[in-house]
Amino acid sequence: QTQPNVNTRKFVVEEGGFLYDSDSYSDDLPYWTMDYGTKKKPHLIIPYTLSENDMRFAIPNGFSHGGEFSKYLKDSLRCLVEEGKRGSPKMMSVGLHCRLVGRPGRAAGLEEFLDYAKSFGDDVWICRRDEIAKHWYKHHYPEGYGNAPDVSGLGIAMRSNM
């Protein structure tokens, strides 16, 4: 959904025990919030995107075929890698839905983009959101909240007892 309920994050933090949430479009990189929950503990937000997203196949003036999707993703990635090389690392999130990009002509565009992304070698890390979250907990946990919890054993289900 594009409009979250005003209580969504509060409930995710207080009741959910989730490793992170992606109910935000507000930034290029993951970030922490301590604004929710009774314990005011750090909660990781990994922003989602509407621009690098296959949902644009389903809207007027969106992508009409896999080649457009691939070109847009490749142009975005090239720009972000260049910015990163100038000292400002970025994250590129790509929203994918099996019912959209999973169609043969669209999947070919995704495959073309992934081949392009792999051509950058170590300059591009292709990963899932749970892997980003684990990296963020390990390397970017906010100061003043003790040691980061060990989240290395948590899987894609993204729930924890933290």
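Residues numbered from 1 in each chain as written. Predicted model: local features only at pLDDT ≥ 70, side-chain atom pairs only at ≥ 80, totals over all residues. Heavy atoms only, no water.

**Brief notes about the overall build of the protein**
At step 1: When you go through the protein residue by residue, the secondary structure sums to five helices and three strands.
At step 2: Along the protein, from the amino end to the carboxyl end, the secondary structure elements read α-β-β-β-α-α-α-α.
At step 3: Each of the three principal axes of the protein carries a C-alpha extent, and together these read 50 × 35 × 25 Å.
At step 4: Going through the 162 residues of the protein one by one, you find that 35% of them count as buried.
At step 5: Relative to all contacts within the protein whose residues are 6 or more apart in sequence, the contacts with residues 24 or more apart total 59%.
At step 6: Surface accessibility of the protein: about 10000 Å² in total, with carbon and sulfur atoms responsible for 51%.
At step 7: Positive and negative side-chain charges of the protein, numbering 21 and 22 respectively, have mean locations separated by a distance of 3 Å. (Helix = DSSP H or I, 4+ residues; strand = E, 2+ residues; numbered from the N terminus. Buried < 20%, exposed > 50% of the residue type's maximum accessible area, 1.4 Å probe, protein only. Contact = heavy atoms within 4.5 Å. Areas by Shrake-Rupley, 256 points an atom, 1.4 Å probe, with all protein chains shown as cover. Lys, Arg positive; Asp, Glu negative; His and termini not counted. Charge placed at Lys NZ, Arg CZ, Asp CG, Glu CD.)

**Quick notes on the confidence of the model for the protein**
At step 1: Of the residues in the protein, 91% reach a pLDDT of 70 or more, and the chain-wide mean stands at 88.
At step 2: Confidence drops under a pLDDT of 50 for residues 157-162, and excluding neighbours within four residues, the segment shows 18 contacts in the predicted structure. (pLDDT = per-residue confidence, 0-100.)

**Focus: helix H1 (residues 8-16)**
At step 1: Of the residues making up H1, those classed as buried are Arg9, Val12, Val13 and Gly16. Looking straight down H1, one finds that the buried residues subtend no more than 115 degrees of arc, so they occupy a single side.
At step 2: Each element contacted by the buried residues of H1 is listed here: strand E1 (20-21), strand E2 (31-33) and strand E3 (43-45).
At step 3: Immediately beyond the C-terminal end of H1, within one or two residues, lies Gly17, with a positive phi of roughly 65 degrees. (Arc of directions from axis to C-beta.)

**Let's talk about the environment of Pro142**
At step 1: Tracing the chain through its elements places Pro142 in the segment after helix H5 (129-140).
At step 2: When the C-alpha positions of Pro142 and Met34 are compared, they lie 9.8 Å apart, and in sequence the two are 108 residues distant.
At step 3: Beyond its immediate chain neighbours, meaning those up to four positions away, Pro142 contacts Trp32, Met34 and Pro42.

**Digging into the sheet that holds E3**
At step 1: The strand order across the open sheet formed by three strands is E1-E3-E2, and the pairing between neighbours is mixed. Edge positions in the sheet fall to E1 and E2, since each of these pairs with one other strand and no more.
At step 2: Here E1 pairs with E3 via two bridges, running parallel. By the bridge assignment, Asp21 is partnered in E3 with Ile45.
At step 3: Across the sheet, H1 lies against E1, E2 and E3, angled at about 135 degrees from E3, the strand it touches most. (Pairing = 2+ DSSP bridges. Axes fitted to C-alpha atoms, helices over the stretch in contact; angles between N-to-C directions.)

**Notes on unusual backbone geometry**
At step 1: For Asn61, which is not a glycine, the phi torsion comes out positive at approximately 65 degrees.
At step 2: Mapped onto the elements, Asn61 comes out in the loop between E3 and helix H2 (66-85).
At step 3: The class for Asn61 is exposed, based on a relative accessible area of 81%.

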